[in-house]
Amino acid sequence: MFKILEKQTLAPKVEMMVIQAPYIARHAKVGNFIVLRLNKKGERIPLTIADSDRDKGTITILFQRVGKTTESLGMLNAGDKIQDVVGPLGHATPIEIYGNCVLVAGGIGAATLYPIIKALKAINTSHGVIKDKENVIARSPETPACRQTGRDDEAIPKDEIALLEPALSEKDEILRGVYPEQKDEILRFAQNDMRRAQNDRSEGARNDRKMAFSEQSYNHITVIMGARTKELLIWEDKFRQFADECFVTTDDGSYGRKGLVTDVLKEVVESKSIALAVAVGPVRMMKAVSELTKPYAVKTIVSLNPLMVEGTGMCGACRVKIAGETRFACIDGPEFDGHDVDFQELESRLRFYKEEEEQALHLFLTRTKRQVTSNG
Ligand code: NAD
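The rules we used
Residues numbered from 1 in each chain as written. Predicted model: local features only at pLDDT ≥ 70, side-chain atom pairs only at ≥ 80, totals over all residues. Helix = DSSP H or I, 4+ residues; strand = E, 2+ residues; numbered from the N terminus. Buried ≥ 20, exposed ≤ 12 C-beta atoms within 10 Å, placed from the backbone. Contact = placed C-beta atoms within 7 Å. Pairing = 2+ DSSP bridges. pLDDT = per-residue confidence, 0-100. Axes fitted to C-alpha atoms, helices over the stretch in contact; angles between N-to-C directions.

Our focus in this paragraph is the overall build of the protein chain. A count of helices and strands for the protein chain gives 13 helices and 19 strands. Here the protein chain holds 376 residues, and the buried ones make up 40% of them. Sequence-distant contacts, at least 24 apart, represent 67% of the contacts inside the protein chain between residues at least 6 apart.

Pasting the structure below:
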């Protein structure tokens, strides 16, 4: 049994839960998901791991109350228990230094993107990139310039490192929070690069330095978040902590810019060279994003959410067509290249049991209402 430690309603019908699941928390990677079952006869539902804490042994999930199982899950509270939580499942998101990245979140799709933005920023830090909004201040010894001229990190006097610290702490509080144990290491890298810049005047080193300090050598992240209306927008504050820039759209114009996420995305891809787009949200949004980025040859990752049963590749319920071939979202995904996805087939498979799902929800709500009435 898995205990719910915290529950919060983030928006109408959108719930967040923190669940005690130490094994999953210890092994979870960005992009992984879980499959949960409320009771022994319950339906299995897949949900992205929106956050995890190894030390506390917890995972965070977000879900929308749309069907019978998510409605009953939403009725549970802190202290209640869930029968089974299986995971972590699925492939992890490839986290690299890409350069300019755009993350497009449609509604509750933000849950899937949150660990991705954290990891894309954390890799800047773990590679020794310390960045204030516009300037890269340091790179790690992994860069060609550092390898070529390498120094003994230990030789840097502590007081010189201390001189750097105030500036870094102001600028990178959040990034260092992701990998606090690397703080000293990063400060040493920063100091190394500053010294090298002063001492090494060879042309090779100058070129390497230029490359190491270029825009493409760290992840610069633009976030575009869209919701139908203001009250459905979730986790804007959490995304703003990590985003280099963040745009919000609402379909009805109640907050941010009126329109769809793709309206802003078009402007972003036209204004600069984008190395990676990641889009998570309704199928029609991921389709629209993929169609928009294709002519610009922007690598586009989408996270698919087909019907899924056991989540380990045996049942085949989550099959999707990718570049003309059948794949299973549970073991081959859930992330795929958006330019290869057959979105039409995905949409029609998602509609397959619509009627039965609606009936099950109706019956469940009627029964629950009857129980509440007869209990008093
Ligand atoms: P929604 O229908 O309210 O749409 C959210 C935003 O997406 C809109 O405000 C708009 O900006 C954009 N959008 C929608 N249709 C578009 C289109 N045709 N073109 C361009 N942009 C469009 O979203 P919701 O009700 O929050 O639903 C979220 C969906 O995300 C659900 O279908 C859920 O299953 C899915 N989801 C997927 C994952 C995953 O990992 N794949 C995770 C969580 C949620």
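The phi angle of most residues is negative, glycine excepted, and most peptide bonds adopt the trans form. Following glycine 87, the chain continues to proline 88 via a peptide bond in cis, the omega torsion being -5°. Position of proline 88 relative to the elements: it lies in strand 8 (residues 84–89). Here the amide bond leading from glycine 333 into proline 334 is cis, since omega sits at 10°, within 30 degrees of zero. Here proline 334 is to be found in the loop between helix 11 (329–332) and strand 19 (335–337). A positive phi angle is found at lysine 13, which is not glycine, with a value near 70°. Secondary-structure assignment places lysine 13 in the loop between strand 1 (2–11) and strand 2 (14–20). Exposure remark for lysine 13: the 15 C-beta atoms within 10 Å place this residue in the partly exposed category.

To continue, consider the sheet that holds strand 5 (residues 51–53). Strand pairing in a sheet is mediated by backbone hydrogen bonds. Such pairs are either parallel or antiparallel. Spatially, 5-6-2-1-7 is the arrangement adopted by the five strands of the open sheet, whose pairing is antiparallel. On the outer flanks of this sheet lie strand 5 and strand 7 (81–82), each paired with one strand and no other. When strand 1 meets strand 7, the two strands line up antiparallel, connected through two bridges. By the bridge assignment, phenylalanine 2 is partnered in strand 7 with isoleucine 82.

This next bit is on the confidence of the model for the protein chain. Looking at the protein chain as a whole, the pLDDT averages 80, with 74% of positions reaching at least 70. When the criterion is pLDDT under 50, residues 131–182 qualifies, and its contacts beyond four places in sequence or with other chains add up to 83 contacts. Confidence over residues 205–215 falls short of pLDDT 50; this stretch has 19 contacts with residues more than four positions distant or in other chains.

Judged by pairing direction, the sheet is antiparallel, and its three strands sit side by side in the order 4-3-8 without closing on themselves. The open sheet is flanked by strand 4 (44–48) and strand 8, the only strands paired with a single partner. Neighbouring strand axes in the sheet, compared pairwise and without regard to direction, differ in orientation by 25° on average. With four bridges joining them, strand 3 (residues 33–37) and strand 8 adopt antiparallel strand pairing. The residue of strand 8 that forms the bridge with leucine 36 is valine 85.

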